[in-house]
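Geometric and topological summary
What follows is the residue order along each chain.
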Amino acid sequence: MGRTSKDKRDVYYRLAKENGWRARSAFKLLQLDEQFQLFQGVTRAVDLCAAPGSWSQVLSQKIGGQGCGHVVVAVDLQAMAPIPGVVQIQGDITQLSTAKEIIQHFEGCPADLVVCDGAPDVTGLHDVDEYMQAQLLLAALNIATHVLKPGGCFVAKIFRGRDVTLLYSQLRVFFSSVLCAKPRSSRNSSIEAFAVCQSYDPPAGFTPDLTRPLLDHSYDPDFNQLDGPSRIIVPFVTCGDLSSYDSDRSYPLDLEDGSEYKYTPPTQPPISPSYQEACRLKKKGWLAKEIHPQHHPISRVDTLPQPLATPESHTLLAPEMEDN
Ligand SMILES: C[S@@+](CC[C@H](N)C(=O)[O-])C[C@H]1O[C@@H](n2cnc3c(N)ncnc32)[C@H](O)[C@@H]1O
């Protein structure tokens, strides 16, 4: 029995079950931490859009949410089963009352880290979904500006859609470093990534105000065409490949006859192969058909160049990648 890309029970699903995480998303935060050392020196954190709670579990374990002076505040629209050492608030992060309740916990003693894995209910209309996601991120950012200490860190799910540049530029107003990261446990098929914003450093004279939306650029459909300082291009990083929980990539599959088969997914091809690298990948079976030296160097295996428009041109195909 093969494994289809629709099968949600991938290696991270199984590992999450084995390790007692409430959701496979736990690995996204763990892999982001591995790359960016998010938890270093952190004792006070906010987990926005936290249900069912795997990120809160990670925070509680990694930063000792139960220790003296250590605080983890988790917020979601939905109720969550309790987690030791985690204060829970049930509410909508876009609502003033919820934001105020969160802020109360950090008055006089700000947070080191704010994370937000929030996702609105997807409508299937991409523009609407991206807009809703952006609004959630901005609500989270607004709360972060009230609770974060200078130098603090903000990590939020972001949809890499058409107007993502607008969000990056807004985040750069408040943070010295903004990167876009895609943990390996985030499905390849998903548009999601995570904005990792480090060194909170609001503009001089900035006063946080919950009643004002933070996005003060006018909504210009040509925003992505902007030049100069208005156009922010943030580095894109993948993470999680070297993690120990990642190294044994095999997992059991149930066969129709009731027996079990240990399946090891093929490793992903490296990024940025040149023509020679493409030849090597071809030998390994990663490229399905012939390759041609006249092709431009390949920048990413999953965004291969178009074939040449000549009769002898060859098509480069990436094999179906593992959806994990
Ligand atoms: C992908 S889940 C988060 C998973 C979580 N990080 C974990 O590891 O268990 C997204 C969550 O966002 C929450 N959410 C969406 N919009 C929200 C809002 N406006 N306020 C609070 N939570 C929201 C949903 O209720 C949902 O539980």
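Treat the numbers as computed from the prediction; the structure is a model and nothing was measured.

Moving on, we get to the environment of Asp112. By secondary structure assignment, the location of Asp112 is in strand S4 (residues 111-116). Among the residues examined, Asp112 registers a relative accessible area of 9% and is labelled buried. Residues Asp112 and Val42 lie 70 residues apart in sequence; the distance between their C-alpha atoms is 5.5 Å. Setting aside anything within four residues of it in sequence, one finds Asp112 in contact with Gly41, Val42, Thr43, Arg44, Leu148, Lys149, Gly152 and Cys153. Here the side chain of Asp112 touches Lys149 through a polar contact of 3.0 Å, side chain to side chain.

Residue Pro52 is bonded to the preceding Ala51 through a cis peptide linkage, with omega at 5°. Relative to the helices and strands, Pro52 resides in the loop between strand S1 (44-48) and helix H3 (54-63). The backbone of Gln37 shows a phi angle near 50°, a positive value even though the residue is not glycine. Mapped onto the secondary structure, Gln37 falls in the loop between helix H2 (26-36) and S1. Judged by relative accessible area, Gln37 falls into the partly exposed class, the value being 42%.

In this numbering, the UniProt entry assigns the feature "binding site: S-adenosyl-L-methionine" (unreviewed entry) to Gly53, Trp55, Asp76, Asp92 and Asp117. Relative to the elements of secondary structure, Gly53 occurs in the loop between S1 and H3. Tracing the backbone through its elements, the reader meets Asp117 in the loop between S4 and helix H5 (126-147). Given the relative accessible area of 14%, Asp117 is considered buried. Dropping the residues within four chain positions of it, Asp117 is found in contact with Ser25, Leu48, Cys49, Trp55, Lys157 and Phe194.

All right, on to the site of the ligand then. Near the ligand you find 18 residues, and of these Gly53, Ser54, Asp76, Asp92 and Asp117 are the closest. Here an oxygen atom of the ligand and a backbone polar atom of Trp55 are 3.1 Å apart. Look at the ligand: alone it shows 600 Å² of surface, and the protein chains cover 87% of it.

Let's shift gears to the sheet that holds strand S5 (residues 148-159). The strands making up a sheet are joined through hydrogen bonds of the backbone, oriented either antiparallel or parallel. With respect to topology, 8 strands assemble into an open sheet ordered S3-S2-S1-S4-S5-S7-S6-S8, the strand pairing being mixed. The open sheet has two edge strands, strand S3 (86-90) and strand S8 (236-239), and neither has a second partner. Across the sheet, the mean angle from the axis of one strand to that of its neighbour is 20°, orientation sign disregarded. As paired strands, S1 and S4 are joined by 4 bridges and run parallel to one another. By the bridge assignment for S4, Asp47 is matched with Val115. Relative to S3, helix H4 (residues 96-104) is tilted by about 165°, and along the sheet it contacts S1, strand S2 (71-76) and S3. In this fold helix H6 (residues 164-174) packs onto S5, strand S6 (175-183) and strand S7 (192-200), with an angle of close to 135° to the strand it touches most, S6.

How each quantity is defined
- Residues numbered from 1 in each chain as written.
- Predicted model: local features only at pLDDT ≥ 70, side-chain atom pairs only at ≥ 80, totals over all residues.
- Heavy atoms only, no water.
- Helix = DSSP H or I, 4+ residues; strand = E, 2+ residues; numbered from the N terminus.
- Buried < 20%, exposed > 50% of the residue type's maximum accessible area, 1.4 Å probe, protein only.
- Contact = heavy atoms within 4.5 Å.
- Polar contact = N/O pair within 3.5 Å; in protein donor to acceptor, adjacent residues only side chain to side chain.
- UniProt positions renumbered as here; feature names shortened; annotations may be inferred.
- Near = heavy atom within 4 Å.
- Areas by Shrake-Rupley, 256 points an atom, 1.4 Å probe, with all protein chains shown as cover.
- Pairing = 2+ DSSP bridges.
- Axes fitted to C-alpha atoms, helices over the stretch in contact; angles between N-to-C directions.

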